[in-house]
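Topology and contacts: notes
Here are the chains, one letter per residue:
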Amino acid sequence: MNVQVGDIIKLENNQFVTADLLLLSSSEPLNLVYVETAELDGETNLKVKQALTVTGELGDNINALAGFNGEVRCEPPNNRLDKFKGTLTLNEQTYSLDNDKVLLRGCTLRNTEWCFGLVVFGGPDTKLMQNSGKTMFKRTSIDHLMNVLVLCIFGFLATMCSILAIGNAIWEVREGSVFTAFLPREEGIDASLSAFLSFWSYIIILNTVVPISLYVSVEIIRLGNSFFIDWDRKMYYPKNDTPAQARTTTLNEELGQIKYIFSDKTGTLTQNIMTFNKSSINGKAYGELFDFSGQRVEITEKTDKVDFTWNQLADPKFIFHDHSLVETVREGNPEAQDFFRLLALCHTVMPEEKEEGELHYQAQSPDEGALVTAARNFGFVFRSRTPETITAVEMGKTVTYELLAVLDFNNVRKRMSVIVRNPEGKLTLYCKGADTIIYERLHPSCNKLMEVTTGHLNEYAGDGLRTLVLAYKNLDERYMEEWKQRHHEASTAMDEREEKLDQLYEEIEKDLMLLGATAVEDKLQDGVPQTIEQLAKADIKIWVLTGDKQETAENIGYSCNMLREEMKEIFIVAANTVEGVKEELQDARRKMCPGAPEQPTVSKTRSGLFWLEKTETVQDEKVDGQYGLIINGHSLAFALEKGLELELLRTACMCQTVICCRVTPLQKAQVVQLVKKYKQAVTLAIGDGANDVSMIKAAHIGVGISGQEGMQAVLSSDYSFAQFRYLQRLLLVHGRWSYLRMCKFLQYFFYKNFTFTFVHFWYAFFCGFSAQTVYDEWFITLYNLIYTALPVLGMSLFDQDVNDRWSFQYPQLYSPGPLNLYFNKKAFVRCMMHSCYSSLILFFIPWAAMYDTVRDDGKDIADYQSFALLAQTCLLVVMNIQLCLDTHYWTAVNQFFVWGSLAAYFAITFTMYSNGMFFIFTSSFPFVGTARNSLNQPNVWLTIFLTALLCILPVVAFRFILIQLRPTINDKGYGDLVTSRKYLMKRPMRSRPALFAETDSSLVQNQPQNYRNIAEEPAEPQRL
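Residues numbered from 1 in each chain as written. Predicted model: local features only at pLDDT ≥ 70, side-chain atom pairs only at ≥ 80, totals over all residues. Heavy atoms only, no water.

So, the environment of Tyr889
This is how it is decided: Working definition: helices are DSSP H or I runs of at least four residues, strands are E runs of at least two. Numbering for both runs from the N terminus. Contacts are assigned to residue pairs with any non-hydrogen atoms lying within 4.5 Å of each other.
Structurally, Tyr889 can be placed in the loop between helix H28 (864–886) and helix H29 (892–912). Between the alpha carbons of Tyr889 and Asn803 there is a distance of 9.1 Å; along the sequence they are 86 residues apart. Look past the residues within four positions of Tyr889 in its chain and what remains in contact with it is Phe798, Asp799, Gln800 and Asn894.

Right, here's the structure in full:
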């Protein structure tokens, strides 16, 4: 069906919304509809939309809908999913339209029999299509390095071929002319043309130096390691039936190179399950218990709980321990009742009542749901709402308030207000928000109460609780009428609507009267302190980027071991000017590193493909001791400016822990980008909410936690799991193993291919540079395809230097990854030198052994075919022994692949060199009888043994000497493991029958013994 703007569409339950619609009417009371927005933001909890009352009257009357004659004016198509700005003009009346009146394409209608909507945007103009932009493709540092190395290999190949082509020209001039007597050249052929053709012939022969199959093998290894993450039962969270998930297969090895972790706090370090814990009402604190002597009593599971059975609508799951608060409310204390009345009215929660008395709240945030539930239990039950009213049950009495205006919460305002009229006609504004924001708008008469409440807030923040301040204001009827008229004009304005509304909100939200404050507890997830401690030992720096206030974030930092008492100093940056922030950052830097230069050391280099990419790197500076840094959001905004960002980066990177408070989602992404740009280090961002998406996308690796804030972070991430504690297993085990396996694979892959190719290069000097291959053509075909493919894949999929338990026991083993020690340009050059040495041995030892040699029976075996067979057998044996040296962890699969590849080689060789194959395919298998004639000679096997010994012995000696003279941190760690008793597998000793039954024998007492016949002892039953 061709849907066009202006059409009216009927949707039924569980149908997809096909265009952006203005909701006109629905089957539900109050014109409500329930939609699932998983396709848009990944959140599976139902959202509530509500039509205008004036259009809701149309119902499902087709004639009335067909005669609908209204005009919609709205913003142009854009990608803002959370905002819609427009007006509806109907019957000469103008109505404001916002996001709550619109159904977006991609939503699914739920729990609603039917609804009608007017098409506002269709096709590519819908917000869903406007959001379908290009996604950044993340590549690992090893990928970038491999691209550069492949270019270098192409240049190296051209150089080798040029050398051999020049050699061919010289040989043709000096030696080739001698052969023209019986091998005359064709007309027009000379030495220069021969050299040109030789160049391209060697390009074909030596092309094995170019790792064509490398990328395929790398993807197979990455896919296998991704499956290991998906299958890891130790990262499975049974409570929510949530396994770990590798949502990409291209970044596994980079998990072993993380240097900086950027973490959200709420829902990531904490559970994001909010419980109403404490409150301050009119200067009195509630929520704590004290004994008769005034000492605080610790609250445990055995502590007596408040009985809410007097309230029939109370939530049975709600737990509170301070009986005095219930008594205060039930006694009719006006401040306490206003406190909970505010919590019952000032929110955006939608109620569901499936059965009488069974209320279920649909809250957009867990803390808002916790506050409304608290008000419900203390006698102020939010029951229902319409666009114009809010109904509550106050101490058993149903009260309906007229809702005049809702002043929405956003990240800039950091507060929310409602204006209501009670049944007696009294107008009141109720407001809740962040303490700093509300305090600025309080009436001067509240100063004394504000001081007392601030003391309580500091205590709550010290306990790691999330706090909100509550205030109210009585309004004048005449002023309200005038303000409401201006509010209607602003809300229906098409230009600068937000600015006009903000101005109106600022005007009315002043001279507020303070009621008190709430404290909601968000407990740490299990294992968070241990995880952070392990990651810190692995020399990974952790930055927390949170929207919470400074005191709360600081307390959480201590409770999860990010901030520790043994730190020398914790710096707090909270200035309100650029100069103040700069001075505080510089003072902190000078204390940490007094001898450091005032200007940061920035090294400029070129990197990337063809070295076209310019990079700037701020060098790390050594600091004696550990420090922490806490910076506020407004200070961070100044610090991220162009002239100050390097000072911020320099100071922050000297600290082991950085906590940024009151930050916006954009600032989170800016901090990550700053570290990526100037540190050239691998970064990881982890979060659980939609506000973390920008940070997750900005980092090299994004990790999403499937928690209480929906699935948007998970859908934007590269890896996901249910609990923060699984991060240490992802990095210290899977990440380290993946990086180790990939680096081993690359070193071995380049080694085997370079060695294979260099033998051709040396052979060229003995065959007149004629582009003759040193191996059988079938061996060349099967070398990378069968003989060496599976053994290296087995090592790259299953190898472990130590098991997962010891990876946790010694997190320092992770540190070589961020330093990129296992595979880099130096390692590549060493690999080439090793290949060059091995190829010299693999060519000249067989060549010298076969030169003018004879069989045991006197027949000559110094022919090309016998030499080729010997050279390729030596090569394959050496490659497998080298693989065995590089393998730390042997499995049945590794054994099968290694021995299977050798068995396959000999089986295929004897088959291809047999008489039968020669008779059937004479031209394809010319090496008839070579295998059985050569491999039955002792000197051939002795040559293979000597070649393998000369290739492997220097490698073993070099590694031994290197460990003794320049041991790495891993070598030291392995040494500790091997020499520790715990590392050795303790097997129960099998008990033997005692030789002497008497415990008081002379043998036991170390006295001269009189030996007896053993048969005299009673026989003990045999143990199996």
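This is not the end of the story, as more comes after the structure.
Considerations on the side chain of Thr453
Using the following cut-off: Residue exposure (1.4 Å probe, protein chains only): buried if accessible area is under 20% of the type maximum, exposed if over 50%, otherwise partly exposed. Between N or O atoms, a polar contact is any pair within 3.5 Å; within protein, one atom must be a potential hydrogen donor and the other a potential acceptor, and residues adjacent in sequence are included only when both atoms are from side chains.
Locating Thr453 in the fold gives a position in helix H12 (residues 447–462). The class for Thr453 is buried, based on a relative accessible area of 0%. Reaching out from Thr453, the side chain makes a polar contact with the backbone oxygen of Leu449 at a distance of 2.8 Å. Each residue touching Thr453, except ones within four places of it in the same chain, is listed here: Ser280, Tyr439, Leu514, Gly516 and Ala517.

So, the environment of Arg247
Tracing the backbone shows Arg247 in the loop between strand E11 (245–246) and strand E12 (258–263). Relative accessible area serves as the criterion here: at 33%, Arg247 is assigned to the partly exposed category. Ignoring sequence-local partners within four residues, the contact set of Arg247 consists of Val714, Leu715, Ser717, Asp718, Tyr719 and Ser720. For Arg247, the side chain forms a polar contact with the main-chain oxygen of Val714, separated by 3.0 Å.

Observations regarding the nonpolar core
One recurring pattern in soluble globular proteins: nonpolar side chains tend to sit buried together. Selection criterion: In plain words, nonpolar cores are sets of buried Ala, Val, Leu, Ile, Met, Phe, Trp, Tyr and Cys residues tied together by side-chain atoms within 4.5 Å.
Core analysis: the largest hydrophobic core is formed by 86 residues, its most contacted members being Tyr202, Phe745, Leu746 and Phe750. Discounting chain neighbours no more than four positions away, the residues touching Leu746 are Ile142, Met146, Leu214, Val218 and Phe823.

Some words on a nonpolar patch on the surface
Put simply, the rule reads: Exposure above 30% relative accessible area and the lack of any salt bridge qualify a residue for a patch; like charges then connect within 9 Å, and the nonpolar side chains Val, Leu, Ile, Met, Phe, Trp and Tyr within 5 Å. With residues, only the protein chains shown are counted as cover, and all accessible areas are computed by Shrake-Rupley using a 1.4 Å probe. Throughout this description, the term salt bridge denotes a Lys or Arg side-chain nitrogen within 4 Å of a carboxyl oxygen of Asp or Glu.
Taken together, the side chains of Ile163, Phe765, Phe766, Leu840, Phe844, Trp847 and Tyr851 define a hydrophobic patch exposed on the protein surface, amounting to about 650 Å² of accessible area. When residues of the nonpolar patch are assigned to their parent elements, the largest contribution, three residues, is made by helix H27 (residues 825–850).

With respect to the environment of Trp543
Checked against the element boundaries, Trp543 lands in strand E26 (residues 541–545). Look at Trp543 and you get buried, because its relative accessible area is 4%. Sequence-wise, Trp543 and Val672 are 129 residues apart; in three dimensions their C-alpha atoms are separated by 9.7 Å. Setting aside chain neighbours within four positions, we find Trp543 in contact with Tyr260, Ile261, Phe262, Ser263, Ala652, Cys653, Val658, Val671 and Val675.

Describing the packing of helix H23 (residues 726–763) against H27
Just so we agree on the cut-off: Think of each axis as a best-fit line through the C-alpha atoms, taken over the contacting stretch in the case of a helix, with angles from 0 to 180 degrees between the N-to-C directions. Relative orientations are named as follows: roughly parallel for angles under 35 degrees, roughly antiparallel for angles over 145 degrees, roughly perpendicular for angles from 65 to 115 degrees, and oblique for any other angle. With the far helix as reference, a near helix turned anticlockwise by less than a right angle produces a left-handed crossing, and one turned clockwise produces a right-handed crossing. Polarity classes work like this: nonpolar for Ala, Val, Leu, Ile, Met, Phe, Trp, Tyr, Cys and Pro, charged for Asp, Glu, Lys and Arg, and polar for all others, with Gly in that last group.
Between H23 and H27, the shortest axis-to-axis distance is 8 Å and the interhelical angle comes to 45 degrees. Accordingly, the angle class assigned to the pair H23 and H27 is oblique. The interaxial crossing formed by H23 with H27 has right-handed handedness. Across the contact of H23 with H27, the residue classes break down as 16 nonpolar, six polar and no charged.

Description of the packing of aromatic side chains
For the record, the criterion: A pair of Phe, Tyr and Trp rings is counted when the ring centres sit within 6.5 Å of each other, with Trp represented by its six-membered ring. The angle between the planes then sorts it: under 30 degrees is stacked, over 60 is edge-to-face, the rest tilted.
This structure, assessed with the given rule, holds 55 aromatic pairs. Pairing Phe156 with Phe754 gives two aromatic rings, centres 6.2 Å apart and planes at 55 degrees, and the pair type is tilted. Here Phe156, found in helix H5 (residues 141–179), pairs with Phe754, found in helix H23; they are 598 residues apart in sequence, far enough to count as distant. By relative accessible area, which is 1% here, Phe754 ends up buried. Measuring from ring centre to ring centre gives 6.2 Å for Phe906 and Trp941, while their planes differ by 35 degrees; the resulting arrangement is tilted. Here Trp941 lies in helix H32 (residues 938–965) and Phe906 lies in helix H29, a separation of 35 residues in the sequence. Exposure remark for Phe906: the relative accessible area of 22% places this residue in the partly exposed category.

Describing the sheet that holds strand E9 (residues 108–110)
Two modes of strand pairing occur in sheets, parallel and antiparallel, and in both the strands are linked by backbone hydrogen bonds. The line we're drawing: Strands were regarded as paired on the criterion that DSSP finds at least two bridges between them.
Within the open sheet, the three strands sit side by side as E4-E3-E9. Their pairing is antiparallel. Each edge of the open sheet is held by one strand with a lone partner, namely strand E4 (47–50) and E9. Between one strand and the next, the sheet's axes are offset by a mean angle of 45 degrees, whatever the strand orientation. Here strand E3 (residues 32–36) pairs with E9 via three bridges, running antiparallel. For Glu36, the partnering residue across the bridge sits in E9 and is Thr108.

Here we look at the side chain of Asp20
Test applied: The sign given to each residue is positive for Lys and Arg and negative for Asp and Glu; His and the chain ends receive no count.
Mapping Asp20 onto the fold places it in strand E2 (residues 20–26). Despite its burial, Asp20 remains without a salt bridge, the nearest opposite charge being carried by Lys127 at 6.1 Å. From its side chain, Asp20 meets the backbone nitrogen of Arg105 in a polar contact 2.9 Å long. In this view, Asp20 contacts Leu103, Leu104, Arg105, Leu118, Val119, Val120, Phe121, Asp125, Thr126 and Lys127; residues no more than four positions away in its chain are not counted.

Here we look at the pattern of salt bridges
Under the defined criterion, the tally for this structure stands at 37 salt bridges. The residue Asp718 makes a salt bridge to Lys138 at a minimum N-O spacing of 2.9 Å. Placement of the pair is Asp718 in the loop between helix H22 (712–715) and strand E34 (719–721) and Lys138 in the loop between helix H4 (127–130) and H5, with a sequence separation of 580 residues. For Asp718, a relative accessible area of 10% puts it in the buried group. Here Arg341 makes a salt bridge to Glu394, at a shortest N to O gap of 3.1 Å. Here the residue Arg341 occupies a position in helix H9 (residues 334–345), and Glu394 occupies one in strand E20 (residues 389–394), the gap between them amounting to 53 residues. Grouping residues by exposure puts Arg341 and Glu394 together as buried. Because the salt bridges share partners, they merge into one network encompassing Arg139, Asp143, Glu219, Arg222 and Glu253.

Any link to function would need more than the numbers given here.
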